[in-house]
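Observations on the model geometry
Listed below are the residues making up each chain.
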Amino acid sequence: MSNSIETTVTTSVTHDGQTITTTTTKTTVRPVLAKQRTLAAAVAAASTAAPLVDKRVGDLIQAGVGKHVTLIGFPYDIGVARNGGRVGARDGPAAFFKLVRERRTGTAVNPELGVDLTTLGVGSLGLIEEGLSLEDAHAKLAAAVKQVLDAGSIPFVVGGGNDQSYPNASALLSHLDGTNSSIGVINIDAHLDVRPRDAQNQVHSGTPFRQLLEDERFIHGQSQSAATAPNFVEFAAQGSQCAQSHADFVTDSGGAIVWLDAVQESVSAKACFVDTLNGMGGDRLFVSFDLDSVHGGDAPGVSCPSPMGLSARDALEICFESGKNPRVALFDLSELNPQIEEYRTARLTAMMFHYFLCGVASRV
C-alpha cells in the first residue's frame with residue numbers, strides 16, 4: 001500500500017472571451033500508522049522464518065524393529081470364515097497403515113496430553129506374507145512377534161481375524177521360556193473366544209483363548225491365587241453373545257470375566273480397566289483388543305458389530321493405559337473389516353495406536 005496521496009485540481013479562467021484551463025497535481029505524503037508498521041514487520045518476519053513443523057506418527061515409523069514399539073500386520077481372515085463370520089478383515093492391516101502413513105493420523109507431539117512421541121523408536125515389519133495357509137501364517141506371525149520381543153521392543157499387531165491372538169500369546173510364552181516369568185492375558189472383546197475347534201479340528205477366530213487356556217506353558221505359569229489375581233481376564237464381554245458353557249470354561253480354567261454391565265456401572269471404563277490390569281497375575285502382560293467390543297456406532301467396520309459396547313473414548317483411554325503400564329509387553333488389534341466400513345473404523349484404530357504410543361512415551 002502506498003504512503004502518498006495525489007490530488008488533481010483543475011482551474012478555468014475566462015479573459016477577453018478566451019477560457020484558459022490550468023491543471024495542478026499535488027502530492028501529499030501521509031504518515032504510516034504504528035499498526036501498519038507492525039503488520040508490515042510481521043509479514044516480513046514470516047517470510048524469512050522457518051516453515052511450521054507438523055510431524056505425525058507416520059513420520060516416526062522406520063523399517064525394521066523399533067527400539068520401543070514395532071508394528072506387524074496380519075492380513076488374514078481365513079479363521080473368520082471358518083467360524084462362520086463375515087470376511088474382509090484380511091484388508092484391515094492395509095487400511096490401518098493407510099490411515100497412519102498416507103492420511104497422517106495422530107500428531108507426533110500431542111499438546112493436549114503433553115506427550116512427545118519423537119522420543120520413541122517406532123519400527124514396522126510390515127505385513128506377514130500373504131497367500132499362506134492359516135496354520136503357516138500363524139507360524140510366521142509367532143516368529144515375527146518373538147523376534148520383536150527378543151529385541152526388547154513391544155509388538156503392536158494389527159489384524160486380521162482374532163485367531164491371531166493365540167500365536168501372539170504363544171510368542172510371548174516362547175520369549176519367556178527358560179525364565180521364571182509368567183504371563184497374564186486380558187481379552188477386551190464382546191465374545192469370550194473359547195470355542196472348540198471346528199469339525200475338521202481346525203482353529204478359527206473363535207478358538208484363540210481356549211488354545212491359550214489349554215497351553216501347558218500358560219497353565220504352569222498361572223497364579224496360585226487365581227480368584228484374586230487371575231492370569232486370564234475377559235473384559236467387557238457381552239452376555240447376549242456368550243454361551244454359558246463358554247463362560248463356565250473360562251472360570252473353570254482359572255480365568256475371570258468382567259462383563260460389560262460391570263464396566264459400565266463402574267466410575268469409568270478406564271478406571272475399571274486400570275483396576276483389572278493392576279489386579280492381574282503375570283510378570284508380563286498381553287492386551288488383546290477385539291474391535292467388536294466397541295459400540296457399532298463408533299466402530300461399524302468390524303466383522304460382528306454390536307448395538308452396545310465400549311465407546312471410542314473408552315477404547316482410546318484403554319490403549320493409553322495399556323501403553324503406560326510397564327508390565328504390558330504385547331498388544332494386538334483384531335477384526336478391522338474395511339469391506340464393511342472403510343474409513344471411520346480404520347481411523348479409530350490409527351488413533352488407538354497413537355494413544356498406545358502416548359502411553360508408552362509416558363513410561364520411557
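Residues numbered from 1 in each chain as written. Predicted model: local features only at pLDDT ≥ 70, side-chain atom pairs only at ≥ 80, totals over all residues. Heavy atoms only, no water.

1. Brief notes about the overall build of the chain
Formally: Only DSSP runs of H or I reaching four residues or more are called helices, and only runs of E reaching two or more are called strands; each is numbered from the N terminus. Three exposure classes are used, based on accessible area relative to the maximum for each residue type with a 1.4 Å probe and protein chains only: buried under 20%, partly exposed in between, and exposed over 50%. It only takes one pair of heavy atoms within 4.5 Å for two residues to be counted as in contact. Areas reported here follow the Shrake-Rupley algorithm with a probe of radius 1.4 Å; residue values treat only the protein chains shown as occluding.
Summing up its helical and strand segments, the chain has 13 helices and 13 strands in all. Here the chain holds 364 residues, and 51% of them are scored as buried. Relative to all contacts within the chain whose residues are 6 or more apart in sequence, the contacts with residues 24 or more apart total 76%. Surface summary for the chain: the accessible area is close to 16900 Å², and the carbon and sulfur share equals 52%.

2. Describing the packing of aromatic side chains
Under the convention used in this document: Aromatic pairing here means that ring centres of Phe, Tyr or Trp (its six-membered ring) are within 6.5 Å. Orientation follows from the plane angle: under 30 degrees is stacked, over 60 is edge-to-face, and everything else is tilted. Counting as a charge over the ring demands two things of the Lys NZ or Arg CZ atom: a distance within 6 Å of the ring centre and an angle within 35 degrees of the ring normal.
On inspection of all chains with the given rule, the structure shows 9 aromatic pairs. When the ring of F96 is compared with that of F97, the centres are 5.5 Å apart and the planes differ by 80°; the resulting orientation is edge-to-face. For the pair F96 and F97, a shared accessibility class is recorded, and that class is buried. A connected cluster of aromatic rings, assembled from ring pairs, spans F96, F97, F156, F331, F353 and F356. The lysine or arginine in question, R210, covers the ring of F249, its NZ or CZ lying 4.0 Å from the ring centre.

3. Quick word on the pairing of strand 11 (residues 256-259)
Every regular strand shows the same layout, with side chains that alternate between the two sheet faces. The condition that has to hold: At least two bridges found by DSSP between two strands are what make those strands a pair. Here the term right-handed applies to a crossover when the path leading from its first strand over the helix to its second strand runs clockwise, the strands being oriented away from the viewer.
Bridging between strand 10 (residues 232-237) and strand 11 involves 4 bridges; their strand directions are parallel. What sits directly across from E234, in strand 11, is I257. As for the winding sense of the linkage, the β-α-β connection from strand 10 through helix 9 (residues 244-252) to strand 11 is right-handed.

4. Quick word on the environment of F273
The topology assignment puts F273 in helix 11 (residues 269-278). When its relative accessible area of 0% is taken as the criterion, F273 is described as buried. Put simply, F273 and I188 are 85 residues apart on the chain and 9.5 Å apart in space, counted from C-alpha to C-alpha. Once you skip the residues sitting within four places of it in the chain, F273 turns out to touch I186, I188, F235, V287, I318, E321 and S322.

5. Brief notes about the nonpolar core
Note the following rule: Nonpolar core, defined: a set of buried Ala, Val, Leu, Ile, Met, Phe, Trp, Tyr and Cys residues in which side-chain atoms within 4.5 Å join the residues together.
Among the nonpolar cores identified, the biggest contains 59 residues, and L117, F156, F235, F289, L310, M352 and F353 are the most heavily contacted of them. Top contributing element to this core by residue count: helix 13 (residues 344-361), with 11 residues.

6. Digging into the layout of surface pockets
Applicable threshold: Both cavities and pockets are sets of points on a 1 Å grid over the protein atoms alone; in a cavity a 1.4 Å probe fits but cannot get out, in a pocket the set is open with protein on both sides within 12 Å along at least five of seven lines, and lining residues sit with an atom within 4 Å of a point. Grid points are joined across faces, edges and corners, and a volume is the space filled by probe spheres set on the points. Residues are grouped as follows: Ala, Val, Leu, Ile, Met, Phe, Trp, Tyr, Cys and Pro are nonpolar; Asp, Glu, Lys and Arg are charged; all remaining types, including Gly, are polar.
When its volume is computed, the largest pocket comes out at roughly 310 Å³. Taken together, 20 residues form the lining of the largest pocket, with N83, H191, D193, R195 and S205 sitting closest to its centre. For the lining of the largest pocket, a count of residues per class yields 6 nonpolar, 9 polar and 5 charged. Estimates place the volume of the second largest pocket at around 210 Å³. Residue lining of the second largest pocket: 13 residues in total, with L176, T179, S181, R217 and H220 positioned closest to the centre.

7. Side note on helix 12 (residues 312-324)
Note the cut-off: A helix is expected to span 1.5 Å multiplied by its residue count minus one.
Across its 13 residues, helix 12 extends 18 Å between first and last C-alpha, which sits within 8% of the 18 Å expected from 1.5 Å per residue. Here helix 12 lies mainly inside the structure; 10 of its 13 residues are buried. Of all the residues in helix 12, the buried ones are D314, A315, L316, E317, I318, C319, F320, E321, S322 and G323. At its buried positions, helix 12 is contacted by strand 9 (183-188), strand 10, helix 11, strand 12 (284-290), strand 13 (328-334) and helix 13.

8. Quick notes on the environment of L113
Positionally, L113 belongs in the loop between strand 5 (109-110) and strand 6 (115-116). A relative accessible area of 36% means that L113 is categorised as partly exposed. In this structure the C-alpha to C-alpha distance between L113 and Y355, which are 242 residues apart in sequence, comes to 9.7 Å. The residues touching L113, leaving out its near neighbours within four places in the chain, are F320, Y355 and C358.

Everything listed here is a matter of geometry and, on its own, says nothing about what the molecule does.
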